[in-house]
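Report on the structure
For reference, the chains in residue letters:
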There are 4 protein chains.
Amino acid sequence: MQLGMIGLGRMGANMVRRLMQAGHHCVVHDLDPQSVADLVAEGAVGAADIGELLSKLDKPRAVWLMLPAAITGRIARQLAAQMTPGDILIDGGNSNYRDAVDLAAELAPGGIAYVDVGTSGGVWGLERGYSLMVGGAADAVKRLDPILAALSPGRDGTGGTPGTEDTASQGYLHCGPAGAGHLVKMVHNGIEYGIMAAYAEGLNILKAANAGSEERAVDAETAPLHNPEYYRFDIDLAAVTEVWRHGSVIGSWLLDLTAQTLKDDASLSRFGGKVSDSGEGRWTLQAAIETGVPAPVLSSALFNRFASRDNDAFANKLLSAMRYSFGGHEEK
Amino acid sequence: MQLGMIGLGRMGANMVRRLMQAGHHCVVHDLDPQSVADLVAEGAVGAADIGELLSKLDKPRAVWLMLPAAITGRIARQLAAQMTPGDILIDGGNSNYRDAVDLAAELAPGGIAYVDVGTSGGVWGLERGYSLMVGGAADAVKRLDPILAALSPGRDGTGGTPGTEDTASQGYLHCGPAGAGHLVKMVHNGIEYGIMAAYAEGLNILKAANAGSEERAVDAETAPLHNPEYYRFDIDLAAVTEVWRHGSVIGSWLLDLTAQTLKDDASLSRFGGKVSDSGEGRWTLQAAIETGVPAPVLSSALFNRFASRDNDAFANKLLSAMRYSFGGHEEK
Amino acid sequence: MQLGMIGLGRMGANMVRRLMQAGHHCVVHDLDPQSVADLVAEGAVGAADIGELLSKLDKPRAVWLMLPAAITGRIARQLAAQMTPGDILIDGGNSNYRDAVDLAAELAPGGIAYVDVGTSGGVWGLERGYSLMVGGAADAVKRLDPILAALSPGRDGTGGTPGTEDTASQGYLHCGPAGAGHLVKMVHNGIEYGIMAAYAEGLNILKAANAGSEERAVDAETAPLHNPEYYRFDIDLAAVTEVWRHGSVIGSWLLDLTAQTLKDDASLSRFGGKVSDSGEGRWTLQAAIETGVPAPVLSSALFNRFASRDNDAFANKLLSAMRYSFGGHEEK
Amino acid sequence: MQLGMIGLGRMGANMVRRLMQAGHHCVVHDLDPQSVADLVAEGAVGAADIGELLSKLDKPRAVWLMLPAAITGRIARQLAAQMTPGDILIDGGNSNYRDAVDLAAELAPGGIAYVDVGTSGGVWGLERGYSLMVGGAADAVKRLDPILAALSPGRDGTGGTPGTEDTASQGYLHCGPAGAGHLVKMVHNGIEYGIMAAYAEGLNILKAANAGSEERAVDAETAPLHNPEYYRFDIDLAAVTEVWRHGSVIGSWLLDLTAQTLKDDASLSRFGGKVSDSGEGRWTLQAAIETGVPAPVLSSALFNRFASRDNDAFANKLLSAMRYSFGGHEEK
């Protein structure tokens, strides 16, 4: 079927490619003409703006937005203003699910169906397929089935959980009314932060397992290491992540990637350690807090990212200042 | 080759089975005669006690302990006292790696090699193979290679990380001197706690996504829910975990199991929510603390298990008492 | 001066009393006629509804709301609708500071000044005075100075930080434009949660210092206690909190109350340990998350309260279910 | 009475001064001759080494060690070797209470009484007195009563909790057998870390309350700030901490110091934010973990200190590497 795609970054462009491989027809637009030209060279129809994109699709149309969260709302409203009853507007980006709830309600009176699709898979999605979490009215979601089926992994090697017949086992799921897709994707990313941090903390502990081989200051500002004999191990983290991939309880796709990464460069020298967050982890915590659900692991993972970007600088200065004021402790 | 196995619980018995399937000869002992009899019926040689077990093995011998951490040290010393130079004593249980460091040093003068093997795979290891993290002297570990190769998954479908040639890609790894195996397994379990908690917290947040449909008290003890319209979703957690298995960033073996579990009983009615911990998570944190490595996610996961067993009861009473004393707040 | 007070609960009623002791004239209203009658008996002027309350005050009027957060917005709008230009509407409750920002903007065109006052002091405020954090336009706040001065502790024994001349050293502070008062009070309460939890956790650890005197199961579900000889202390928590009050670094008013509480009933038998939260801690975290500020301690304190009310039940069941599914672990 | 003091750092020297002010006779030693000379000039008797110090005291003697934890054990054993039955060896430093348990058992057969004194009060103790938490045999502790009474605040302005008659209300407490003093002090410091972090996090949140006035990147690596209008406050943190000192629920001695610190230099420009920890916080967590007591707030405070010293660097690089590997995300 036909699909319009607006936003041809890492995610959007590859999704178009995967759709075209499945025989779908894509009309594409991006602020960067080169991104459009690249996909036109691969078989897509290019559009210079939203109006042109809409004009090149047969009604009723379906247009997918794949944009940064900060601008999605604005572009969605521009797009909707030019749509006609029966059209479907899809937001596949990392938008706050609350915006989806609001937008769907806003567009419904004009006959525009709003569908939110949480999309996971990253740069590997072109090859592996994307895991799709979908929210919206049932008839609109049903109309998009060919698109969703093409983007998702389908009957991948993983296999569905025995007894599972629905689309979930092929990698896409209608989760509920508008907002449900982004909600499920939001929590997916919150979990992702937690899992990533679990591996990172554990590997950092293993890396420090040689602490007993180092000298240590003897003063009131330094905690002594009581049993240095237990900390004289030089652990090969690349080999360890590899062995965990085979038969252990913590095998995962993220571990597969981590093993590869450490094998390529065990020192991770090209990274500085300022870890970004794109919003989903924050919103997950916001939902936890508003509904009174404890989420200490997910919040620790999020706050650690904030701290990696030195957002704890003032708090730490305060702690040093307090230590100085009550105990005369100078910073080391 | 021959192997003695002491401790025929869930793990030990299945490891014997997997070894026998690979053609190895096992002499087995357990305090429970029935456990011994069961394996004898399957081809193992039974032994009524440690002495008999040793006598039925050719020297130099290799004996594997698969026992609860709390008694492993005592049994290991009893066993070592009856061993002769050249013998290998293997601890495959969830022992503290520090005990391995100590025991190896203690047994070395008598010519007994101590090998610690962290063993992951649970009740699935018989079928999938076990991920094995091995510590000890190189020659002893090398002698055990046929055993380790048989227990581990071998060339499973997962495939080694491209470019990997060593045993890690088959699921076993010589991690370093005595203690290194249990150290790596310890951190493995610490990570496991974190990953499990990440999924559990996230799914609990999704479960609460219908909080806006509930009534809420209006008083000074209850936080108001500002936007109930954003919390009116009934999410099918079994379907969600299924869809995440296909193409998403958080796919993992634990997720596979969780999807199956939720499919079988979405209410988890047979579980009470008192979550045990077997020690490894604690020791991981201890190592983090002693070496000064931040581990907020792993510690949150551990502390949450403690709290699930009501070990926070007194602290919570104190909090209610403080609220009453400064604000006159009665508990709800 | 004259002040109208709406909401005569624990806080509101005592504030009226403290104001009357300082010679101010209070017109009071509450949905509960008895609360009104009690204060009338002590010298206040009663009002049966908002209209009557306004009619009994000279213009320009100042009316203070002291209500649960969940209804404050509604009542504030009812009140404002009956006010005239020059009047001041004060919200002294635990409202979200965002509501203050919105309300002030909403009321400004009608000439109604909105002042938000974060009020700390609890049931002790009548005697000790209240710590007041004030937001709003400078002229309105200035007009309220006699009220603020009377409610606050004034020149209490504590003394201002040397060199401090402003009202802060007397216990009230104009923190900034509308919203600033509730913002500062919000964070105050967030900190309060953290401090309370710090004491509660520490005392719980001391309480467990006799763990080495207890029997412990020997099985794969129970972490062994390696050094029971270090856990055979029976600590008198009432005496410990008392000694910390004198000369230690952690002396505080909350510690004073805690020492008294433990002296009165060391077992805290009248409390069940379900710890409420009234919203401020949640909003503090929300602000931290939105501005990217790490707040692991404050969030841990908040999440612990959620867990004390069993909001972690489903997550914990999931953890037990996972342990069962990969390791065959039964719950104890 | 007579007391020997070994270790004349910030704490030891001031304790000698406070003892001399109360009329006690002190024989003092330190590796730094100048520290000895300074106190001799104020009336103490100097000693060039441990032997001389012991020779200048009448038997039975009492000698107080005030040394870094890392060397206390060694010096204690040197000292004990030269003591005679009836002597008392006091460790007033921040030693692990486990060492106290061990040392007391080690010295008992030789008739040397070991007393551990947790000492809080910092550089203010000379003036305010020290809060003393004492462990050891009852008769030894009783003999030290004049010393303990002189060091502690005595009947300070704070006043005992009504009904309290014991020494706790004067600032010293016999907490139990050897180890109990350091145990209680250990937890005291664990709580201290938590309280400090609570203030620091809260004030950092207030400092960020102007985040809405800043520009923000629009890309997939930056979480958008949905409501900048709620984050346009410039809060005077020095004034806020001052107002909280008067009548609020979070008034404390640490807050007094913080208000003074912020008044002197609101930017805290002389501090870099590398926050040391001296061991007690670590041991508190270790005790929590071993006894199964949840301590998420205290551990968050400790881990944050570790992270302030960049001990999370490798973990953060791993997180960035993972983000790059699955999503192509470049670090900002």
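What counts and how
- Residues numbered from 1 in each chain as written.
- Chains lettered and ligands numbered in written order.
- Predicted model: local features only at pLDDT ≥ 70, side-chain atom pairs only at ≥ 80, totals over all residues.
- Heavy atoms only, no water.
- Pairing = 2+ DSSP bridges.
- Helix = DSSP H or I, 4+ residues; strand = E, 2+ residues; numbered from the N terminus.
- Contact = heavy atoms within 4.5 Å.
- Axes fitted to C-alpha atoms, helices over the stretch in contact; angles between N-to-C directions.
- Least-squares fit on C-alpha atoms with pLDDT ≥ 70 in both.
- Buried < 20%, exposed > 50% of the residue type's maximum accessible area, 1.4 Å probe, protein only.
- Polar contact = N/O pair within 3.5 Å; in protein donor to acceptor, adjacent residues only side chain to side chain.
- Buried area = accessible area lost by both parts, 1.4 Å probe.
- Salt bridge = Lys/Arg side-chain N within 4 Å of Asp/Glu carboxyl O.
- pLDDT = per-residue confidence, 0-100.
- Phe/Tyr/Trp six-rings, centres within 6.5 Å; stacked < 30°, edge-to-face > 60°.
- Lys NZ or Arg CZ within 6 Å of the ring centre and 35° of its normal.
- Parallel < 35°, antiparallel > 145°, perpendicular 65-115°, else oblique.
- Left-handed = near helix turned anticlockwise from the far one by under 90°.
- Nonpolar A, V, L, I, M, F, W, Y, C, P; charged D, E, K, R; others polar.
- 1 Å grid on protein atoms, 1.4 Å probe; cavity = no way out; pocket = protein on both sides within 12 Å on 5 of 7 lines; lining within 4 Å.
- Points joined across faces, edges and corners; volume = space filled by probe spheres on them.
- Core = buried A, V, L, I, M, F, W, Y, C linked by side-chain atoms within 4.5 Å.

Residue and element names in this part refer to chain B. Here 8 strands make up an open sheet; going across it, the order is β3-β2-β1-β4-β5-β6-β7-β8 and the pairing mixed. Each edge of the sheet is formed by a strand with only one pairing partner; in this case those strands are β3 (45–46) and β8 (172–176). Here strand β7 (residues 131–135) pairs with β8 via 4 bridges, running parallel. Bridge pairing in β8 places G135 opposite G176. Most of the contacts of helix α4 (residues 69–81) go to strand β4 (residues 62–65), to which it runs at about 165 degrees, and overall it touches β1 (2–6), β4 and β5 (88–91).

It is worth spelling out the sheet that holds strand β8 (residues 172–176) of chain A at this point. Residues and elements named next belong to chain A. The 8 strands lie next to each other as β3-β2-β1-β4-β5-β6-β7-β8, forming an open sheet whose pairing is mixed. Of all strands in the sheet, those with a lone pairing partner are β3 (45–46) and β8, marking the two edges. Pairing analysis gives 5 bridges linking strand β1 (residues 2–6) to strand β2 (residues 25–29), with the strands arranged parallel. Paired with Q2 across the strands is H25, a residue of β2.

The next thing to look at is the relation of the copies chain B and chain A. Least-squares fitting of chain B to chain A yields an RMSD of 0.1 Å, with the superposition described by an axial translation of 0.0 Å and a rotation of 180 degrees. Both chain copies can therefore be described as sitting about a two-fold axis. In terms of proximity to the rotation axis, the leading residue of chain B is B:S252, whose C-alpha is 1.9 Å off the axis. Of the residues that chain B buries at the interface, 100% are likewise interface residues in chain A, meaning the two copies contact each other through the same surface.

Structurally, C:S300 can be placed in helix α13 (residues 296–308). For C:S300, a relative accessible area of 7% translates into the label buried. A distance of 2.8 Å separates the side chain of C:S300 from the backbone oxygen of C:P296, its partner in a polar contact. Of the polar contacts made by the side chain of C:S300, one reaches the side chain of D:S300; its length is 3.2 Å.

Every contact between the two is made by 94 residues of chain B and, on the other side, 94 residues of chain A. With both chains or domains summed, chain B and chain A bury close to 7,500 Å², and 67% of this area falls on carbon and sulfur atoms. Of all residues in chain B, B:Y230, B:H246 and B:V249 bury the most surface against chain A, accounting for 10% of the area lost on that side. Across the contact surface, chain B and chain A share 0 salt bridges. For the pair chain B and chain A, the number of links is 29 residue pairs in polar contact (both at pLDDT 80 or more). Where the side of chain B that touches chain A is concerned, the elements lending two or more residues are α5 (97–107), β7, β8, α9 (180–207), α10 (237–244), α11 (253–264), α12 (280–291) and α13 (296–308) of chain B. The element best represented in the side of chain B that touches chain A is α9(B), accounting for 18 residues.

Right, let's talk about unusual backbone geometry for a bit. Here the amide bond leading from B:K59 into B:P60 is cis, since omega sits at -5 degrees, within 30 degrees of zero. Relative to the assigned elements, B:P60 resides in the loop between α3 (50–55) and β4. Of note in the backbone geometry, A:L268 takes a positive phi value of approximately 50 degrees without being a glycine. Mapping A:L268 onto the fold places it in the loop between α11 (253–264) and α12 (280–291).

Here the focus is the confidence of the model for chain A. Across chain A, the average pLDDT comes to 94, with 98% of residues at 70 or higher. As scored by the predictor, the complex reaches a pTM of 0.95 and an ipTM of 0.95.

So, on to the relation of the copies chain B and chain C. Overlaying chain B with chain C gives an RMSD of 0.1 Å, the required rotation being 180 degrees about an axis along which the chain moves by 0.0 Å. Interface residue correspondence from chain B to chain C reaches 100%, placing this contact among same-surface, isologous pairings.

A word on the environment of D:H182. Residue and element names in this part refer to chain D. Relative to the helices and strands, H182 is located in helix α9 (residues 180–207). H182 sits in the buried class, given a relative accessible area of 1%. It is 35 Å that separates the C-alpha atoms of H182 and L237, two residues lying 55 residues apart in sequence. Every residue in contact with H182, bar those within four places of it in the chain, is listed here: D91, G92, G93, S95, N96, Y97, A100, Y114, D116, V117, G118 and E280.

Under the criterion given, the structure shown has 20 aromatic pairs over all chains. For the pair A:W124 and A:W253, a centre-to-centre distance of 6.0 Å together with 90 degrees between the ring planes defines the contact as edge-to-face. With a gap of 129 residues between them, A:W124 in the loop between β6 (113–120) and α6 (125–128) and A:W253 in helix α11 connect regions that are remote in the sequence. Given a relative accessible area of 31%, A:W124 falls into the partly exposed group. According to the relative accessible area criterion, A:W253 is buried, its value standing at 11%. Among the aromatic residues, those joined into a ring-pair cluster are A:Y97, B:Y230 and B:F233. Across the ring face of A:F314, the terminal group of D:K207 is positioned such that the distance to the ring centre comes to 5.0 Å.

We now examine the packing of helix α9 (residues 180–207) of chain C against helix α11 (residues 253–264) of chain C. All names here are of chain C. Between α9 and α11, whose axes approach to 11 Å, the crossing angle comes to 40 degrees. Considered as vectors, α9 and α11 are oriented oblique to each other. Two packed elements cross with a definite hand, and for α9 against α11 that hand is right-handed. Across the interface between the two elements, I195, M196, Y199 and L203 from α9 touch L254, L255, T258 and L262 from α11. Of the residues assigned to the contact of α9 with α11, the class counts are 7 nonpolar, 1 polar and no charged.

Per the stated rule, a full pass over the model turns up 5 cavities of 30 Å³ or more. Of the volumes computed, that of the largest cavity is approximately 300 Å³. Around the largest cavity, the lining comprises 27 residues; the ones closest to its centre are A:N304, A:A307, B:P296, D:N304 and D:A307. At the level of secondary structure, the elements contributing two or more residues to the lining of the largest cavity comprise α9 (180–207), α13 (296–308) and α14 (313–327) of chain A together with α9, α13 (296–308) and α14 (313–327) of chain D. Of the residues belonging to the lining of the largest cavity, the class tally is 16 nonpolar, 7 polar and 4 charged. If you trace the second largest cavity, you find 19 residues lining it, with A:P294, A:P296, B:S300, B:N304 and C:A307 closest to the centre.

Below, the discussion takes up the nonpolar core. Of all hydrophobic cores here, the largest spans 265 residues; its most connected members are A:W244, B:W244, C:W244 and D:W244. Counting residues in each nonpolar core, the second largest holds 32 residues, with B:L3, B:M11, B:C26 and B:V117 among its members.

The method is simple in principle: a probe with the dimensions of a water molecule rolls over the atoms, and the space it marks as empty is what remains. Estimates place the volume of the second largest pocket at around 1,100 Å³. A:R245, A:S252, A:W253, A:D256 and B:T158 are, among the 43 residues lining the second largest pocket, the residues nearest its centre. Those elements giving two or more residues to the lining of the second largest pocket turn out to be α11 of chain A, α11 of chain B together with α14 of chain D. Top element by residues in the lining of the second largest pocket is α11(A). It accounts for 6 residues.

Facing the 75 residues of chain B at the interface are 75 residues of chain C. Considering only the surface of chain B that becomes buried against chain C, B:F271, B:F314 and B:F326 emerge as the three largest contributors, covering 12% of it. Inspection of the region where chain B meets chain C yields 2 salt bridges. Residue B:E330 pairs with C:R270 through a salt bridge whose shortest N-O separation is 2.9 Å. Our count for the chain B to chain C interface comes out at 24 residue pairs in polar contact (both at pLDDT 80 or more). The set of elements that each furnish at least two residues to the side of chain B that touches chain C consists of α4, α9, α11, α12, α13 and α14 (313–327) of chain B. Residue contributions to the side of chain B that touches chain C peak at 14 residues, all from α14(B). Class assignment of the residues belonging to the side of chain B that touches chain C gives a composition of 33 nonpolar, 23 polar and 19 charged.

Tracing the backbone shows C:E229 in the loop between α9 and α10 (237–244). C-alpha separation for the pair C:E229 and C:A211, spaced 18 residues apart in sequence, amounts to 9.5 Å.

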